Amino acid sequence: MSAPIRTLMFASANDRERSLKAIAIGASAVCLDLEDAVAKSEKAAAREVVTGTLADPSVEGANVHVRINGVDTEFSDDDLTALGPSLPRLAGVIIPMVESPDQVRHVADRLDALEREHGVEASAIRLIAIAETAKGVLAAPAVAASTPRLRTLLLGPADLSHDLGVELTADGYELFHARGQLVLAARAAGLEGPIDGPFLGLKDDEGTRTSAQWAKRLGFQGKMVLHPQQFPIVAGVFAPSADEIAWAQAIVDAFAEHEAKGVSAFKMPDGTFVDYPVVYRAEAILRDATRTP
């Protein structure tokens, strides 16, 4: 299984210098954006820039994704065609404004053809689908089961809040139901936990921390980051804390001792009841503790 995406660092695809800085920051993954960050008149030029960025030696081995334009726009197929020669350097494609499984399958089919054309291993490029409208949230279960290429879902809070007519807050209570829907849809389909969208207060450290903490509590694996100032905060929230690691190690050690005696359910000195699901959770924390921010 791939390491979880705790931090998805965002950069405009038409700015090579910022894109390379975003890749160098050390996030779990990077999103080079051909959609909202690029004006319609600049789409063609941005495709050339992102191709040059992906060819840079520093990108080798990086977990780089490109957000294409929506499938229902005139830009998305050209985006994918332009990415063809760069597929060996690309980890994934992020699809915005997803409201049906057919949109995801369309991108998957195009990638099938491009991988064959450019001699890339079949299904090497993974997909992440963004739910950013009410229709997209309600379609999440069908979208999550749409194609084996799909890695997980991503919440788009800015567009979703506009669609619902609500104001975004740090604790995100106004999107509580939508976030829960994505977590359930992703896990029911056997996908990784979804990725939360960005907190828009770029210099509000407490707001960033609160937003990330709520997303983690709800079952998200990570969060999109818009600014380098947000990166260490989000990475710190989604990485297991020292207390969590100590708890997990104590659980695993105690379970090994009890299981050797034929006991698989017992109580820890602090009163914690331990059985297999609790041990599985502890083992997951210890695995996660060794992974990239």
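Here, every reference points to the structure presented above.
Residues numbered from 1 in each chain as written. Predicted model: local features only at pLDDT ≥ 70, side-chain atom pairs only at ≥ 80, totals over all residues. Heavy atoms only, no water.

S.K.: Mind showing me how you'd approach the overall build of the protein here?
M.R.: Scanning the protein for helices and strands turns up twelve helices and ten strands. Against the globule reference of 19 Å for 293 residues, the protein gives a C-alpha radius of gyration of 20 Å, in line with a compact fold. Projecting the C-alpha coordinates of the protein onto the three principal axes gives extents of approximately 65 × 45 × 35 Å. Scored against the burial criterion, the 293 residues of the protein give a buried share of 47%. For the protein, restricting intrachain contacts to residue pairs at least 6 apart in sequence, the fraction spanning at least 24 positions comes to 71%. Accessible surface, the protein: about 13500 Å² in total, of which carbon and sulfur atoms supply 54%. Seen as two clouds, the 28 positive and the 41 negative side-chain charges of the protein have centres 3 Å apart. (Helix = DSSP H or I, 4+ residues; strand = E, 2+ residues; numbered from the N terminus. Rg over C-alpha atoms; globule rule 2.2 N^0.38 Å. Buried < 20%, exposed > 50% of the residue type's maximum accessible area, 1.4 Å probe, protein only. Contact = heavy atoms within 4.5 Å. Areas by Shrake-Rupley, 256 points an atom, 1.4 Å probe, with all protein chains shown as cover. Lys, Arg positive; Asp, Glu negative; His and termini not counted. Charge placed at Lys NZ, Arg CZ, Asp CG, Glu CD.)

S.K.: Explanation requested: the packing of helix α2 (residues 43–55) against helix α3 (residues 76–83) in the structure shown.
M.R.: Working note: a packed helix pair is described by the angle between its axes plus the distance between those axes. For the pair α2 and α3, interaxial distance at closest approach is 10 Å and the crossing angle is 30°. Considered as vectors, α2 and α3 are oriented roughly parallel to each other. Helix-helix and strand crossings are classified by hand; for α2 and α3 the assignment is right-handed. Here Arg47, Val50, Thr51 and Leu54 of α2 come into contact with α3, specifically with Asp78, Asp79, Ala82 and Leu83. (Axes fitted to C-alpha atoms, helices over the stretch in contact; angles between N-to-C directions. Parallel < 35°, antiparallel > 145°, perpendicular 65-115°, else oblique. Left-handed = near helix turned anticlockwise from the far one by under 90°.)

S.K.: What is the right way to read the pairing of strand β2 (residues 29–33) from this model?
M.R.: Of all five residues making up β2, five are buried, and the element is well covered by its neighbours. The two faces of β2 match: Ala29, Cys31 and Asp33 on one face and Val30 and Leu32 on the other face are all buried. Across five bridges, the pairing between strand β1 (residues 7–12) and β2 is parallel. Each bridged residue has a counterpart across the sheet, and for Ser12 the counterpart in β2 is Asp33. As a crossover connection, the stretch from β1 through helix α1 (residues 16–24) into β2 is right-handed. The pairing of β2 with strand β3 (residues 64–67) spans four bridges and is classified as parallel. (Pairing = 2+ DSSP bridges. Right-handed = clockwise from strand over helix to strand, strands pointing away.)

S.K.: Help me out: how do you make sense of the side chain of Arg6 in this one?
M.R.: You can see Arg6 is positioned in the segment before β1. A distance of 2.3 Å separates the side chain of Arg6 from the backbone oxygen of Asp288, its partner in a polar contact. (Polar contact = N/O pair within 3.5 Å; in protein donor to acceptor, adjacent residues only side chain to side chain.)

S.K.: Whenever I open this one, the environment of Ser28 confuses me. Can you help?
M.R.: Note that Ser28 resides in the loop between α1 and β2. Under the relative-accessibility criterion, Ser28 is labelled buried at 10%. Along the sequence, Ser28 and Ala212 sit 184 residues apart, while their C-alpha atoms lie 15 Å from each other.

S.K.: Help me understand the packing of aromatic side chains in this model?
M.R.: To describe a pair of aromatic rings, you give the distance between the ring centres and the angle between the ring planes. Counted under the stated rule, the structure contains four aromatic pairs. Arranged with centres 5.1 Å apart and planes meeting at 70°, the rings of Phe255 and Tyr276 form a pair that is edge-to-face. With Phe255 in helix α11 (residues 242–259) and Tyr276 in helix α12 (residues 276–288), the pair connects residues that are 21 residues apart, well separated along the chain. Ring geometry for Tyr276 versus Tyr280: centroids 6.1 Å apart, planes at 35°, classification tilted. Taken together, the residues span about one helical turn, with Tyr276 and Tyr280 both in helix α12 at a distance of four residues. Here the aromatic cluster, defined as three or more aromatic residues joined through ring pairs, consists of Phe255, Phe266, Tyr276 and Tyr280. The aromatic ring of Phe75 is capped on one face by Lys43, whose charged end is 5.5 Å from the ring centroid. Geometry around Trp214 places Arg217 over its ring, the cationic atom sitting 4.9 Å from the centre. (Phe/Tyr/Trp six-rings, centres within 6.5 Å; stacked < 30°, edge-to-face > 60°. Lys NZ or Arg CZ within 6 Å of the ring centre and 35° of its normal.)

S.K.: What exactly am I supposed to notice about unusual backbone geometry here?
M.R.: Phi at Met97 takes a positive value of approximately 50°, unusual for a residue other than glycine. Within the secondary structure, Met97 is located in the loop between β4 (92–95) and α4 (101–118). Despite not being glycine, Ser123 has its phi angle at roughly 60°, a positive value. Of note, Ser123 is situated in the loop between α4 and β5 (126–131). The partly exposed category is assigned to Ser123, whose relative accessible area is 40%.

S.K.: Can you walk me through the pattern of salt bridges in this structure?
M.R.: Any two side chains of opposite charge can pair, given that their charged atoms come close. With the rule as written, the count across this model stands at 18 salt bridges. One salt bridge in this structure joins Asp102 and Arg105, with 2.7 Å as the shortest N-O distance. With a gap of three residues between them, Asp102 and Arg105 both fall in helix α4, about one helical turn apart. The exposure class assigned to Asp102 is exposed, which follows from its relative accessible area of 52%. Connected through salt bridges with shared partners, the residues Asp33, Glu35 and Arg67 form a single ionic network. (Salt bridge = Lys/Arg side-chain N within 4 Å of Asp/Glu carboxyl O.)

S.K.: What is the right way to look at the packing of α1 against α2 in this model?
M.R.: The contact between α1 and α2 brings their axes to 10 Å, and the two run at 40°. When the axis of α1 is compared with that of α2, the two are oblique. Like other packed secondary-structure pairs, α1 and α2 cross with a definite hand, here right-handed. Contacts between α1 and α2 involve Arg16, Ser19, Leu20 and Ile23 from the former and Val49, Gly52 and Thr53 from the latter.

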